[in-house]
Amino acid sequence: MSTNSGAGRWTDVALDLRQAGRGVRRQPMLAVVLVLVLGFGIGTTTATYSLVDALLLRPLPVSQPDQLVIVGDPLRTNSTTTGGPRGDLISYPLYHDVLGTVPSVQSIAASSRVGRIDVVVPDPTAGTTPVAEHPAGRLVSGNYFATLGVNAWLGRTFPVLVDGAPGDDPVVVVSYRYWQNTLHSDSTVVGHTLVINHVPLTIVGVMPRGFDGEIVGQPTAIWIPTMMEPSLIPVRPWLTDRNTSSLLLIARLAPGATIEQARSTFNGVIHRTIREHATAAEYAAQPARDPVPVSNGARGVSAARGLYGQALLTLLAAVVALLLLAIANAANLSLARSIANAPDTTVRTALGASPFRLMRQGLVEHAVIGAAAAALGLAIGAWGSAILLRRADPVGDALLLDVHLNSRVTLFAVLLSIVVVLAFGVVPIAAQMRSNPAQALRGGGRSMVRSWSRGARALVTLQVALSILLIATTTMLRQSLIRVQAVDAGFNRQQVLVATVDLARSGITLADRPAVMQRLLQHVRAAPGVLAASYSVNGMYSGAEADTTLQAEGFVARSASDTVVQCDYVGPGFFTAIAAHLIGGRDITEQDDQNAPRVAVVNQSFAHFFFGNGNAVGRHLQLGTNAYEVIGVVADIQSQRLRDPVARRIYTPIAQRTSPPGYITFAVRGSAEHIVEPVRRALLAEVPSLIILSNQPVENVIASTMVQDRLLADVVTFFGVLALFLAGLGIYGVIANATVRRTREFGIRLALGAPQRTVIVTVVTEALRLVIYGVGAGVVLVILAAPLLRRQLFGIGAIDAASIVVALVVMLGVAALAGLLPALRSARLEPVEALRAE
């Protein structure tokens with residue numbers, strides 16, 4: 001009997017599927033619209049979730065990732081600081097001291113940036129020397145792979161005790177991606193040689209597919225033992241310098257240990273070690289005394305999370321709002337379809353069809369449409385995630401994420417599709433379940449229509465509320481973007497070009513660099529179209545920052561943080577070159593060299609903080625063992641992200657630096673778009689082998705720092721426009737149905753001599769009345785969403801009255817337009833035809 005019962009149920013399901021197919025064929029355009037609306041909602045949500053998963057949620061593909069902890073600031077993956085010990089980044093001597101002293105962890109590995117590396121793959125069969133490439137590299141300790149819990153796919157990883165004497169371990173491990181793309185999937189690659197910065201290193205292993213290191217968003221191609229740093233970069237003696245910090249530590253918890261225990265132990269050990277080896281002044285500085293960040297390492301580390309994380313979460317919230325709007329619109333269309341089928345449903349109910357049978361039939365019909373929408377959504381999700389990634393990173397080298405559909409994203413899309421099918425089908429199915437067959441037969445289905453119309457109006461209220469939220473958010477983000485772009489950076493942004501060169505990799509020795517820098521500057525200044533030029537170490541909008549601690553004449557610090565300032569080394573005429581405004585004193589000149597007294601220019605924020613309303617020029621500063629005289633005060637220059645607050649900053653001459661820098665960035669004034677090539681030629685004319693890392697107008701560099709602002713504003717604007725369209729469609733559907741039911745009423749009015757404008761005003765007023773409740777709910781949603789938006793906005797409050805007013809006006813305009821179309825159609829009715837309507 002159970003078999004027959006099961007066969008009967010399958011027969012019923014097959015019958016329901018055939019019935020659903022007939023329904024689709026009977027109203028094909030409605031089915032197509034439903035699939036498009038829901039498919040787009042599912043697809044955009046899946047695409048956004050794919051980025052969120054790749055950047056924020058996905059664990060590292062290593063053994064037991066939840067046991068990993070990160071010691072140091074996980075956002076500072078490519079940072080280096082000098083000038084004193086600290087805990088947010090770790091120096092190599094400090095790492096060596098910490099090893100074996102933390103009982104709550106099994107092992108501690110170290111990882112740091114290597115900067116640009118020149119890699120040559122020797123090919124004995126080629127007649128010419130291969131061109132050097134510059135893949136992403138990472139310096140890691142010997143126990144790096146063992147600590148992460150990942151083995152080589154081909155060959156081996158580093159031995160745990162690889163950290164011997166500097167230069168003793170000329171080996172590398174490469175990623176699967178690099179092996180496939182650059183080494184041409186050569187299965188015999190283990191034992192071959194890569195020449196990195198002119199040093200031959202032997203490939204000992206290839207990592208498995210999918211493992212790109214612990215830096216999410218910046219896949220590592222080559223891992224190099226930390227002890228090879230002196231050989232690869234001889235001008236960087238960081239292995240012995242306690243005041244240069246560039247390492248992030250990765251530790252694996254011991255069995256039974258917690259991250260809280262590791263945090264407490266690491267802070268105690270690191271602060272004790274810093275205190276033992278630092279001078280009193282170094283330990284008194286704020287960075288040395290700050291808490292050491294210790295965080296869960298399951299998801300790796302990423303500077304991109306700080307840049308894009310909050311924006312992606314905001315975008316996900318916006319796309320969920322759009323999905324809800326799409327569901328409401330689809331439910332409204334489904335209601336309209338159910339209204340059209342009301343007589344058939346009434347007859348089936350009267351003939352004995354059970355509520356369960358009608359509910360199952362409705363679910364099957366919605367499941368058929370939902371399956372088609374899910375397939376479309378998966379396609380849009382795969383395509384849309386790649387588009388969003390390109391929008392987030394137009395250049396394609398700052399945010400490299402795997403956003404292909406994987407099992408996690410596919411499961412998300414499938415579950416989302418099931419929820420969508422149930423959500424958009426529940427209203428018409430509930431209306432069917434509530435209908436009374438006897439009343440429906442007596443009323444010709446009008447009672448059912450009235451019941452379903454109430455559901456349609458409720459859905460329109462939801463659509464209007466979500467539209468108000470998206471339109472107000474769009475307006476605020478657009479205002480914020482405009483205000484960020486309009487920030488006064490303190491110099492002539494339109495006429496400055498920046499060109500960064502790598503002196504160290506270009507083969508220029510420490511002894512020769514001062515003279516070479518001077519000759520390069522002379523060549524650039526003489527280039528056609530150049531009005532002025534100078535250079536700096538950190539460069540503008542490069543993301544590179546340095547801080548230091550100092551004591552100012554006559555200033556009493558209230559806390560250690562009062563002595564911390566940002567610093568940069570600049571060349572002669574730097575402020576003149578960028579057309580900055582000198583408030584007092586003078587610019588740095590050629591005479592401010594090693595033989596002259598040490599001098600500094602400070603910005604306005606620095607001068608006000610340390611000297612109040614007094615004149616800063618002529619005052620004295622103490623940086624370590626060196627005394628400096630303030631020779632100038634410059635108006636605040638925003639030289640990193642425009643939305644960041646201006647920091648207290650000091651500028652000192654490059655010529656008075658202890659050692660010449662490895663990188664410098666030229667700041668060149670002229671018609672920025674037209675001097676790119678002349679500047680490049682001028683640099684190469686002096687040093688033909690000079691490595692030019694970048695050469696572009698500063699406005700282009702500034703634009704790259706606002707990518708996340710522009711991404712969020714553009715995508716949410718698109719969602720807002722789409723929300724308006726969907727809300728207008730929903731309002732139109734409800735008003736159109738309402739006017740059809742009032743055809744006889746309008747016919748009587750027109751027959752009795754009522755002017756057409758009366759009918760038009762009546763219908764449009766009904767449309768405006770329909771959105772009133774939605775407008776109120778939308779304002780509440782905007783207020784509730786304010787905390788999520790606060791970090792994304794610049795120059796305006798998270799609750800901006802003007803933006804809310806704009807949203808209300810736009811929504812009322814859409815409602816009036818949606819009501820005007822059926823109003824005009826009703827006003828043009830012939831009274832006789834209207835009176836005959838049923």
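Everything discussed here concerns the structure shown above.
These figures come from a predicted structure and were not determined experimentally.

### Considerations on the overall build of the chain
Secondary structure assignment for the chain yields 25 helices and 23 strands. Sorting the 838 residues of the chain into buried and exposed places 52% on the buried side. Carbon together with sulfur atoms contributes 60% to the accessible area of the chain, which is approximately 36,000 Å² in total.

### Overview of the packing of helix H16 (residues 513–525) against helix H19 (residues 676–686)
Relative orientation of the contacting elements H16 and H19 amounts to 145°, with a least axis distance of 8 Å. You can see that H16 and H19 cross each other, and the crossing is right-handed. From H16, Arg519, Leu520, His523 and Val524 reach across to H19, where they touch Val679, Ala682, Leu683, Ala685 and Glu686. Considered class by class, the residues forming the contact of H16 with H19 number six nonpolar, one polar and two charged.

### So, the environment of Leu201
Within the element layout of this structure, Leu201 appears in strand E8 (residues 199–206). For Leu201, a relative accessible area of 0% translates into the label buried. Distance in space between the C-alpha atoms of Leu201 and Val173 is 9.8 Å, their sequence separation being 28 residues. With residues near it in sequence (within four places) discarded, Leu201 still touches Pro170, Val171, Val172, His192, Thr193, Leu194, Ile196, Ile224, Met228 and Leu232.

### Some words on the packing of aromatic side chains
In the structure shown here, the tally under the stated rule is 20 aromatic pairs. Ring plane angle 45° and centroid distance 5.5 Å describe the contact between Phe555 and Phe609, whose orientation is recorded as tilted. Of the two residues, Phe555 is situated in the loop between strand E15 (551–552) and strand E16 (564–570) and Phe609 in helix H18 (residues 604–611); the sequence distance between them amounts to 54 residues. Centre to centre, the rings of Phe574 and Phe575 are 5.4 Å apart; their planes meet at 85°, and the pair counts as edge-to-face. Taken together, the aromatic side chains of Tyr144, Phe145, Phe158, Phe211 and Trp223 make up a single cluster linked through ring pairs. In this arrangement the basic side chain of Arg648 is found over the ring face of Phe609, its NZ or CZ atom lying 4.0 Å from the centre. Lying across the ring of Tyr569, Arg657 places its NZ or CZ 4.9 Å from the centre.

### Let's talk about the nonpolar core
Core analysis: the largest hydrophobic core is formed by 112 residues, its most contacted members being Tyr144, Phe145, Phe211, Trp223 and Ile731. A per-element tally of this core places helix H10 (residues 303–340) first, with 19 residues. Not counting chain neighbours up to four residues away, the residues in contact with Tyr144 comprise Ala109, Ala110, Ser111, Phe211, Gly213, Glu214, Trp223 and Ile250. Core analysis: the next-biggest nonpolar cluster, separate from the first, contains 27 residues, Tyr95, Leu249, Phe266 and Ala278 among them.

### Side note on H16
The end-to-end C-alpha separation of H16 is 18 Å, in line with the 18 Å expected for 13 residues at 1.5 Å each. Those residues of H16 that sit buried are Arg513, Val516, Met517, Leu520, Leu521 and Val524. Relative to the axis of H16, the buried residues are bounded by an arc of 135° and lie together on one face. Check the buried side of H16 and you find it contacts strand E13 (530–536), strand E22 (663–670) and H19.

### Notes on the side chain of Gln656
Mapped onto the elements of the fold, Gln656 is located in the loop between strand E21 (649–653) and E22. Residue classification places Gln656 among the buried positions, given a relative accessible area of 3%. Looking at Gln656, its side chain comes within polar contact range of the main-chain nitrogen of Val599, at 3.2 Å. Not counting chain neighbours up to four residues away, the residues in contact with Gln656 comprise Asp592, Asp593, Gln594, Ala596, Pro597, Arg598, Val599 and Tyr628.

### Quick notes on unusual backbone geometry
When glycine is set aside, most residues are seen to have a negative phi, and most peptide bonds are trans. Despite not being glycine, Asn197 shows a phi value in the positive range, around 50°. For Asn197, the position within the fold is in the loop between strand E7 (193–196) and E8.

### Looking at the environment of Ser231
Mapped onto the elements of the fold, Ser231 is located in helix H6 (residues 229–232). In this structure, the C-alpha to C-alpha distance between Ser231 and His198, residues 33 residues apart in sequence, is 9.5 Å. Ignoring anything within four residues of it in the chain, the contact list for Ser231 reads Gly167 and Val199.

### Examining the pairing of strand E4 (residues 137–140)
With burial as the criterion, each face of E4 is covered, one bearing Gly137 and Leu139 and the other bearing Arg138 and Val140. Summarising the sheet, E4 and strand E9 (residues 222–225) pair through four bridges and their orientation is parallel. Bridging from a neighbouring strand, Gly137 pairs with Ile222 of E9.

### With respect to the pattern of salt bridges
Applying the stated rule across the entire model yields 17 salt bridges. Sharing partners across several salt bridges, the network here consists of Asp53, Arg58 and Arg408.

### Quick word on the environment of Trp383
Tracing the backbone shows Trp383 in helix H12 (residues 355–392). The class for Trp383 is exposed, based on a relative accessible area of 56%. C-alpha of Trp383 to C-alpha of Val403: the two residues are 20 residues apart in sequence and 9.6 Å apart in space.

### Focus: the pairing of E22
Buried residues dominate E22, accounting for seven of its eight residues. One ladder, built from seven bridges, connects strand E12 (residues 496–502) with E22; its direction is antiparallel. Looking at E22, one finds that Thr500 is bridged to Thr665. Pairing geometry for E13 and E22, over six bridges, is antiparallel. Of the residues in E22, the one forming a bridge with Tyr535 is Phe666.

### Concerning a nonpolar patch on the surface
A contiguous nonpolar patch, built from Leu363, Leu411, Val414, Leu415, Ile418 and Leu422 and spanning about 510 Å² of accessible area, is present on the exposed surface. Among the elements that line the nonpolar patch, the one with the most residues is helix H13 (residues 407–434), at five residues. As for its placement among the helices and strands, Leu415 is situated in helix H13.

### Some details on the side chain of Arg76
Within the secondary structure, Arg76 sits in the loop between strand E1 (68–71) and helix H3 (92–98). Polar contacts involving the side chain of Arg76 include one to the side chain of Asp88, which spans 2.7 Å. Beyond its immediate stretch of four places on either side in the chain, Arg76 contacts Thr81, Arg86, Asp88, Leu89 and Leu248.

### Observations regarding helix H7 (residues 259–277)
The end-to-end C-alpha distance of H7, which contains 19 residues, comes to 27 Å, matching closely the 27 Å that a straight helix rising 1.5 Å per residue would cover. Here H7 has its buried residues at Ile259, Ala262, Phe266, Asn267, Val269, Ile270, His271, Thr273 and Ile274.

Thresholds applied
Residues numbered from 1 in each chain as written. Predicted model: local features only at pLDDT ≥ 70, side-chain atom pairs only at ≥ 80, totals over all residues. Heavy atoms only, no water. Helix = DSSP H or I, 4+ residues; strand = E, 2+ residues; numbered from the N terminus. Buried < 20%, exposed > 50% of the residue type's maximum accessible area, 1.4 Å probe, protein only. Areas by Shrake-Rupley, 256 points an atom, 1.4 Å probe, with all protein chains shown as cover. Axes fitted to C-alpha atoms, helices over the stretch in contact; angles between N-to-C directions. Left-handed = near helix turned anticlockwise from the far one by under 90°. Contact = heavy atoms within 4.5 Å. Nonpolar A, V, L, I, M, F, W, Y, C, P; charged D, E, K, R; others polar. Phe/Tyr/Trp six-rings, centres within 6.5 Å; stacked < 30°, edge-to-face > 60°. Lys NZ or Arg CZ within 6 Å of the ring centre and 35° of its normal. Core = buried A, V, L, I, M, F, W, Y, C linked by side-chain atoms within 4.5 Å. Expected span 1.5 Å × (residues − 1). Arc of directions from axis to C-beta. Polar contact = N/O pair within 3.5 Å; in protein donor to acceptor, adjacent residues only side chain to side chain. Pairing = 2+ DSSP bridges. Salt bridge = Lys/Arg side-chain N within 4 Å of Asp/Glu carboxyl O. Patch = residues over 30% accessible without salt bridge, like charges linked within 9 Å, V, L, I, M, F, W, Y side chains within 5 Å.

Remember, this is a structural readout, not a statement about activity or role.
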